[in-house]
Amino acid sequence: MSDANGRKSIFITGGASGIGAETGRHFARKGWFVGLFDIDELGLSQVARDIGDNNCVTGILDVRDRNDWTSALESFAAVTGGQMNVLFNNAGIARHGWFENVDPEGSDAMIDINVKGVVNGVYAALPLLKQTSGARIVNVASTAGFVGSPQLAVYSATKFAVRGLTEALDVELAPLGIKVTCLAPWFVETPILNAGDTEGSNHKMSDQLKETGMDVYPVEMAGEGAWQAAHGKKTHYGVGKRSNQARFMARFLPGILRRGVLKRLPERP
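Report on the accompanying structure. Since this is a predicted model, take the numbers as computed values, not measurements. Think of each chain on its own: its residues are numbered from 1, step by step along the sequence as written. The model is predicted, so local features are restricted to residues of pLDDT at least 70 and side-chain atom pairs to those at 80 or more, both for listing and for counting; the totals for chains, interfaces and linings are taken over all residues. With hydrogens and water set aside, each side-chain value is computed from the structure's full complement of heavy atoms.

### Details of the environment of Leu-183
Applied cut-off: Secondary structure follows DSSP: runs of H or I at least 4 residues long count as helices, runs of E at least 2 residues long count as strands, and numbering of each begins at the N terminus. To sort residues, take the accessible area from a 1.4 Å probe on protein chains only and compare it with the maximum for the residue type: under 20% means buried, over 50% means exposed, and anything in between is partly exposed. Throughout, a residue-residue contact means that at least one pair of heavy atoms, one from each residue, lies within 4.5 Å.
Secondary-structure assignment places Leu-183 in strand 6 (residues 179–185). When its relative accessible area of 0% is taken as the criterion, Leu-183 is described as buried. Between the C-alpha atom of Leu-183 and that of Gln-228, which follows or precedes it by 45 residues, the distance is 9.1 Å. Beyond its immediate chain neighbours, meaning those up to four positions away, Leu-183 contacts Phe-88, Val-138, Asn-139, Val-140, Ala-141, Ser-142, Ala-222, Gly-225, Ala-226, Tyr-237, Gly-238 and Val-239.

### Here we look at helix 2 (residues 41–51)
Stated precisely, the cut-off is as follows: Directions from the helix axis toward the C-beta atoms define the arc.
Among the residues of helix 2, Gly-43, Leu-44, Val-47, Ala-48 and Ile-51 are the ones counted as buried. Projection of helix 2 onto a plane perpendicular to its axis shows the buried side chains occupying an angular sector of 135°, all on one side. Relative to its buried face, helix 2 has exposed residues pointing more than 90 degrees away, namely Leu-42 and Arg-49. Where the residues of helix 2 are buried, they touch helix 1 (18–29), strand 2 (33–38) and strand 3 (56–60).

### Some words on the packing of aromatic side chains
Note the cut-off: Stacked, tilted and edge-to-face are the three classes applied to pairs of Phe, Tyr and Trp rings, where Trp contributes its six-membered ring and a pair requires centres within 6.5 Å; stacked means planes under 30 degrees apart, edge-to-face means over 60, and tilted covers the rest. Two thresholds decide whether a charge sits over a ring: the Lys NZ or Arg CZ must be within 6 Å of the ring centre and within 35 degrees of the ring normal.
Under the definition given, this model contains six aromatic pairs. Geometrically, the ring pair formed by Phe-11 and Trp-69 is stacked, given 5.7 Å between the ring centres and 25° between the ring planes. Taken together, the residues Phe-11 in strand 1 (residues 9–13) and Trp-69 in helix 3 (residues 66–80) connect sequence positions 58 residues apart. On the basis of relative accessibility, which here comes to 0%, the residue Phe-11 falls in the buried class. Residues Phe-27 and Trp-32 carry aromatic rings whose centres are separated by 5.0 Å and whose planes lie at 85° to one another, so their mutual orientation is edge-to-face. For the pair Phe-27 and Trp-32, a shared accessibility class is recorded, and that class is buried. Linked through ring pairs, Phe-11, Phe-37, Trp-69 and Phe-76 together constitute an aromatic cluster. Its end group placed over the ring of Trp-227, Lys-30 keeps NZ or CZ at 5.1 Å from the ring centre.

### Focus on a nonpolar patch on the surface
Threshold: Residues form patches when they are more than 30% accessible in relative terms and have no salt bridge. Like charges link within 9 Å. Nonpolar side chains (Val, Leu, Ile, Met, Phe, Trp, Tyr) link within 5 Å. The Shrake-Rupley method, run with a 1.4 Å probe sphere, supplies the accessible areas, and residue values consider only the shown protein chains as cover. The term salt bridge refers to a pairing of a side-chain nitrogen on Lys or Arg with a carboxyl oxygen on Asp or Glu at a separation within 4 Å.
On the surface, a nonpolar cluster with roughly 380 Å² of combined accessible area is contributed by Phe-248, Phe-252, Leu-253 and Ile-256. Summarising the element assignment, Phe-252 is placed in helix 8 (residues 241–252).

### Structural notes on the nonpolar core
Here is the rule: The term nonpolar core refers to a set of buried residues drawn from Ala, Val, Leu, Ile, Met, Phe, Trp, Tyr and Cys, joined through side-chain atoms within 4.5 Å.
One finds Phe-11, Met-84, Leu-87, Leu-129, Ile-137 and Ile-178 to be the most contacted residues of the largest nonpolar core, which totals 37 residues. Secondary-structure elements contributing two or more residues to this core are strand 2, helix 3, helix 4 (104–130) and helix 5 (153–172). Broken down by element, the residue count for this core peaks at eight residues, all from helix 4. In this structure, Leu-129 is in contact with Met-84, Leu-87, Ala-135, Arg-136, Ile-137 and Ile-178, ignoring residues within four places of it in sequence. Membership of the second largest hydrophobic core comes to 29 residues, among which are Ala-16, Ala-21, Val-140 and Tyr-237.

Right under this line is the structure:
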């Protein structure tokens with residue numbers, strides 16, 4: 001069994017692909033021990049090979065299931081000596097399309113994974129974080145958590161919730177020595193961009209982004225953003241120049257931002 005051997009450790013949900021996988025690679029290159037947890041067993045094994053089995057531990061975790069959390073954290077604590085320097089709450093899904101075309105079950109899944117999954121993670125990991133000096137929680141939100149995003153309405157709502165939870169917990173957990181931050185990427189090259197307009201649609205979110213000339217950043221930038229969020233003093237960290245611009249405009253120039261969003265929207269059928 002792999003062992004942290006005194007190295008700092010990070011527990012990553014949604015670690016089989018996208019931002020979670022790249023964050024695991026980035027931290028491993030920095031000498032950290034990485035816990036990769038996901039429902040995608042094959043994806044986890046591929047990322048573990050990239051990182052090296054001696055640098056990580058993997059396990060199945062459905063973030064909606066509190067029993068899964070208990071098992072995952074037991075396996076992680078067993079190889080880190082009961083320590084967790086960073087909880088990286090990253091697991092998330094998206095459904096893309098006009099609100100009425102996203103089925104209610106899809107919206108339920110976004111709420112359960114994107115919001116309840118993060119809440120479950122904080123509850124479950126708090127005992128390990130409390131006993132680790134300088135521990136930190138990094139919750140992955142989105143620029144859509146600062147800017148209400150049409151055709152991503154429920155997804156956007158979940159990321160606003162993650163942002164609010166982050167800000168509240170950063171204050172609440174400070175006396176315990178736990179810092180809470182939020183990573184809020186712009187569009188990044190990850191499987192989440194494969195979300196269809198409707199169930200079974202071949203027209204994906206990535207297609208619409210290309211059609212409208214929207215910037216999409218490489219996933220490697222998200223790995224560096226996660227590193228900054230795990231070490232910096234701020235509460236919110238963007239990924240890509242557009243994420244910082246959007247957050248600025250949402251705060252100081254909301255009217256201009258709204259007109260820009262409307263201009264890029266496709267026509268309603």
